[in-house]
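What the coordinates show
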Amino acid sequence: MYEFGFIGTGSMGGALAQAVCAGAGADRVILANRSPEKAERLAAKLGCAVGGNEKIARAAKFIFLGVKPQMLAGLLEGLAPALAARTEPYVLVSMAAGASMARIAAMAGGADCPVIRLMPNTPAAVGQGVVLYDCNERVSEADRLRLTDALAPAGLVERIAERLIDAASAVSGCGPAFCDLFLEALADGAVACGLPRAAALRCAAQMMLGSAKLALDSGSHPGALKDAVCSPGGSTIQGVRALEQGGFRGTVMEAVIAAYERTLELG
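For every chain, the first residue of its written sequence is number 1, and the numbers climb from 1 along that sequence. Local features in this predicted model are restricted to residues of pLDDT 70 or higher, and side-chain atom pairs are both shown and tallied only at a pLDDT of 80 or more, whereas totals for entire chains, interfaces and linings draw on every residue. Side-chain measures here rest on the full set of heavy atoms in the structure, leaving out hydrogens and waters.

1. Describing a positive patch on the surface
Note the threshold: The patches described consist of residues with a relative accessible area above 30% and no salt bridge, like charges being joined within 9 Å and nonpolar side chains (Val, Leu, Ile, Met, Phe, Trp, Tyr) within 5 Å. Per-residue and other accessible areas were derived by the Shrake-Rupley procedure at a 1.4 Å probe size, with only the shown protein chains allowed to occlude residues. Throughout this description, the term salt bridge denotes a Lys or Arg side-chain nitrogen within 4 Å of a carboxyl oxygen of Asp or Glu. Charge convention: Lys and Arg are scored as positive, Asp and Glu as negative, and His as well as the terminal groups of each chain are ignored. Charge placement uses NZ in Lys and CZ in Arg. For Asp and Glu, CG and CD serve respectively. Each helix is a run of H or I in the DSSP string that is no shorter than four residues. Each strand is a run of E no shorter than two, and both are numbered from the N terminus.
There is a patch of like positive charges on the surface, built from Arg34, Lys38, Arg41 and Lys68. Position of Arg41 among the secondary structure elements: in helix 2 (residues 36-46).

So this is what it looks like as structure tokens:
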């Protein structure tokens, strides 16, 4: 019997599988994917096992459901007979945006099904991610702690009430794409000023990394950190003025709200 089984090894599933292999040991992990070759490549890299969906449903303690929300019902319908036949306890771990724990349990065959709902992000692949989660009342404290320990190599693992997960994931889950757009735009601006592309990307990426770490480590409000860089009559305040003229903060807020509203639609 395997402790952790991953059904779906895309960006999110693959990143968490990598973290769990580091946190719990690759010999305790089994992978499955709709394209078996993809699971096989990742398993070869991580040193874990490969199997089908049904095998994972029969043999894994923590069953990660790493599929798109619109595929979740079909997947759980296929897994339900194997889950019903089990004599050993199991926990369903869903990464599907917008799908509530109650809905997941119902689709799996019963309200008494233990469910943990996760929302990770892609930086988990390099140990700098955010993994939001909540559990239903059927999940034991021992199982909750075991899973969070196994996921620790992914980065920040934080429990948040399910009613807030969709709002939080609009920042932590969708946010990397927003940051990547900003990163690319910063580098493009530097290239326009004459800096070579590779150097522009390195400088912009390290600046973003350092700014985020400074905000976390100092505990200072972002406005105060911004003010500290803006000298009177200097270059930075002119750049801030240009961003504000373009509606930068309002546009970013609208991006988060749009992502949140779409997540609710998916659910």
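2. A short note on a nonpolar patch on the surface
A contiguous nonpolar patch, built from Phe182, Leu243, Phe248 and Val252 and spanning about 290 Å² of accessible area, is present on the exposed surface. Checked against the element boundaries, Val252 lands in helix 12 (residues 248-266).

3. Observations regarding the packing of helix 1 (residues 11-24) against helix 6 (residues 141-151)
The criterion, for reference: Lines fitted to C-alpha atoms define the axes here, with helix axes fitted over just the stretch in contact, and angles between the N-to-C directions of these axes take values from 0 to 180 degrees. We call two directions roughly parallel when the angle between them is under 35 degrees, roughly antiparallel when it is over 145, roughly perpendicular when it lies between 65 and 115, and oblique otherwise. What makes two residues a contact is simply this: any of their non-hydrogen atoms within 4.5 Å. Classification convention: Asp, Glu, Lys, Arg as charged; Ala, Val, Leu, Ile, Met, Phe, Trp, Tyr, Cys, Pro as nonpolar; all other residues, Gly among them, as polar.
Across the interface, helix 1 lies against helix 6 with an axial gap of 7 Å and an inter-helix angle of 105°. Judged by the angle between their axes, helix 1 and helix 6 are roughly perpendicular. Here helix 1 contributes Leu16, Ala19, Val20, Gly23 and Ala24 to the contact with helix 6, which in turn contributes Arg146, Ala150 and Leu151. Of the residues assigned to the contact of helix 1 with helix 6, the class counts are six nonpolar, one polar and one charged.

4. Some thoughts on the packing of aromatic side chains
To keep it simple, the criterion reads: Two rings from Phe, Tyr or Trp (for Trp, the six-membered ring) form a pair when their centres sit within 6.5 Å of each other. Planes less than 30 degrees apart are called stacked, planes more than 60 degrees apart edge-to-face, and all others tilted. A simple rule labels every residue: compare its accessible area, found with a 1.4 Å probe on the protein chains alone, to the largest value its type can have, and call it buried under 20%, exposed over 50%, or partly exposed in between.
Enumeration over the complete set of coordinates arrives at three aromatic pairs. Ring geometry for Phe6 against Phe64: centres 4.1 Å apart, planes inclined by 20°, an arrangement best described as stacked. Taken as a pair, Phe6 in strand 1 (residues 2-7) and Phe64 in strand 4 (residues 60-65) lie far apart in primary sequence, 58 residues in all. In this pair, the class of Phe6 matches that of Phe64, namely buried. Aromatic pair Phe182 and Phe248: ring centres 5.6 Å apart, planes at 45°, arrangement tilted. With Phe182 in helix 8 (residues 175-192) and Phe248 in helix 12, this pair connects stretches of sequence that are 66 residues apart. Of the residues examined, Phe182 reaches a relative accessible area of 31% and is grouped as partly exposed.

5. Description of the pattern of salt bridges
Tallied over the full model, the rule gives 13 salt bridges. A salt bridge links Arg117 to Glu162, with the nearest nitrogen and oxygen atoms 3.2 Å apart. In this pair, Arg117 sits in strand 6 (residues 115-119) while Glu162 sits in helix 7 (residues 162-172), placing the two residues 45 residues apart along the sequence. You can call Glu162 partly exposed: its relative accessible area is 21%.

6. What to know about the environment of Leu46
Checked against the element boundaries, Leu46 lands in helix 2. Residue class for Leu46 comes out buried when judged on its relative accessible area of 17%. Along the backbone, Leu46 and Ser35 are eleven residues apart, and their C-alpha atoms lie at a distance of 17 Å. The residues contacting Leu46, other than those within four sequence positions of it, are Ala17, Gln18, Cys21 and Ala26.

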